[in-house]
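# Structural overview for review
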Amino acid sequence: MCIAGMMECIIAAAHARNGRQVLHIDQNEYYGGLWASFNFTSLEAWLEDANISHNTDRIQSELIKHISKDGTEIAIPCEYKNPISNVEIRVDVPFEIKTKAKENEMEKKETTVKTSIDEDEKTKESEKTEREVWSLSKLRLLYRKFNLDLSPKLLFSRGELVELLISSNIARYAEFKSVTRVLTWLDGKLEQVPCSRADVFSTKNVSIVEKRMLMKLLTFCINYEQHPKEYQGYENKTFIEFLKSRKLTDNIQHYVLHAIAMVSKDATTIEGLKATQRFLNSLGRYGNTPFLWPLYGSGELPQCFCRLCAVFGGIYYLKRGIEAVIVNDEGKCVAVITNGKRMNCKYLVLAANYAPSRYLPQDCETKKISKAIVITDRSLSPAETEQITLLRLPPETGTGLVNAVSVLEIGSGAMVCPQNLFVVYLTSHSVTNASEDLTQADRKSVV
């Protein structure tokens, strides 16, 4: 018996594939827990519900009737802990554009025409289609075109999850697109990160000497374990100290630390080398960058495992929560109470936010993540063709960016939004709350 979540979906599929009977219960009406994807109106409903307390406790006297009479069993109430807090919704478009005249007026204000010295170019640019005007009611009308993720995830092309999808043949249930570009914030502007050898030698943002430095470092990082003398004495020092010891310029240090390894300045040398190696090993397998994005959103991934589980006899029961866990005198789970009924089981896989407190480690450190989902009609860095873009904004003293912020931009080609719109996901380790942690990043990347 498994309850909610991506990890639980994987475990359920594995046990069903091995011939065990699996019952997957979820109090939600959707699959995947915090890995779910929603259309526009469903996300609005989820956000409104996120701050509501859901109490699954039942009176002890009601639970006693479900345990054995010989006193060898006890019923332990489940304690639902909502992992979501400080939900905030901002709308920067009108609710509705009432008249056509007003719509045309707003379109003219929003239309941007690039200037050019050449008169022919001016004429050509002015004939471009005017920017589409959006309203909240229009977004709701196209709600089925959206697939918005609670936990957007990129996959390394040679990462463990991709290998699992291939080896288990679950990849047949999903489609993927390669991330087409990686950007970085350098000297007050966005620059594209050279990912391949051809990119390194064609970029104008790196000098010829720096290109040689970068290629030499990357060649070493691919098989760094075979050259321990190269980093001897720096194992317990920071990665940035190791990069400086190799006489790399600040420009190259920035690219490696924030755009390739994507680690903090506190990361050790070994951590930095492993992260760089993982990036390089995934290059070129499916595209120019090492990352893959699942079409229709990351919420497709738990559903892929759910499909495999169902193929091998797994049963799914949504909108049904668990009130209590029944354990015997040996402390082993033998049943659960759901909707006032007892259901026996041999094994129970339970998400941490549903589990009774006695089964959770008392000294476990809790880390919070700040997230934002931005729907916009402007790209981070406009291009002739639609891009799937990854950007990592490094922390900056005095700007409000205390931790690095990961920015992921996806367009309609990835089946996440209507045409002429982009979905931008911002993620960072939390310091105060999502609004304060991500506002500065939002201004840099989206506005």
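These numbers were taken from a predicted model, which means no experiment stands behind them.

## Notes on the overall build of the protein chain
The helix and strand tally for the protein chain stands at 14 helices and 19 strands. Looking at the protein chain residue by residue over its 447 residues, the buried ones come to 43%. Contacts in the protein chain between residues at least 24 apart in sequence constitute 70% of all its contacts with a sequence separation of at least 6. Element-wise, carbon and sulfur atoms account for 50% of the exposed surface of the protein chain, whose accessible area totals about 24700 Å².

## What to know about the sheet that holds strand β10 (residues 291-294)
Overall, antiparallel pairing links the 3 strands, which are arranged β6-β10-β7 in an open sheet. Both edges of this open sheet fall to β6 (155-156) and β7 (176-178), since each of them pairs with a single strand only. Direction of pairing for β7 relative to β10: antiparallel, over a ladder of 3 bridges. Pairing of F176 across the sheet is with P294, part of β10.

## Looking at the packing of aromatic side chains
Under the defined criterion, the tally for this structure stands at 11 aromatic pairs. Aromatic pair F40 and F146: ring centres 5.2 Å apart, planes at 45°, arrangement tilted. Of this pair, F40 sits in helix α2 (residues 40-50) while F146 sits in the loop between α6 (136-141) and β5 (148-149); the two residues are 106 residues apart in sequence, bridging distant segments of the chain. One exposure class covers both F40 and F146, and it is buried. Taking the centre distance of 6.4 Å and the plane angle of 35° together, the rings of W293 and Y425 count as tilted. Pair noted here: W293 is in strand β10 and Y425 is in strand β19 (residues 422-429), with a separation of 132 residues, a long-range link. Judged by relative accessible area, W293 falls into the buried class, the value being 0%. By relative accessible area, which is 2% here, Y425 ends up buried.

## Here we look at the sheet that holds strand β17 (residues 389-393)
If you trace the 6 strands from one edge of the open sheet to the other, you get β9-β8-β17-β18-β19-β16, paired in mixed fashion. Looking at strand neighbours, the two that pair on one side only are β9 (189-192) and β16 (369-376), the edges of this open sheet. Across the sheet, the mean angle separating the axes of adjacent strands is 20° when strand polarity is ignored. For strand β8 (residues 181-186) and β9, the ladder comprises 4 bridges, and the chain directions are antiparallel. Counterpart to L183 in the pairing with β9 is Q192. Most of the contacts of helix α11 (residues 250-260) go to β8, to which it runs at about 125°, and overall it touches β8, β9 and β17.

## Some words on the side chain of S298
By the secondary structure assignment, S298 is in the loop between β10 and α13 (300-311). Discounting residues that sit within four places of it in the chain, S298 has contacts with W35, S37, D149, S151, P152, K153 and W293.

Conventions we followed
Residues numbered from 1 in each chain as written. Predicted model: local features only at pLDDT ≥ 70, side-chain atom pairs only at ≥ 80, totals over all residues. Heavy atoms only, no water. Helix = DSSP H or I, 4+ residues; strand = E, 2+ residues; numbered from the N terminus. Buried < 20%, exposed > 50% of the residue type's maximum accessible area, 1.4 Å probe, protein only. Contact = heavy atoms within 4.5 Å. Areas by Shrake-Rupley, 256 points an atom, 1.4 Å probe, with all protein chains shown as cover. Pairing = 2+ DSSP bridges. Phe/Tyr/Trp six-rings, centres within 6.5 Å; stacked < 30°, edge-to-face > 60°. Axes fitted to C-alpha atoms, helices over the stretch in contact; angles between N-to-C directions.

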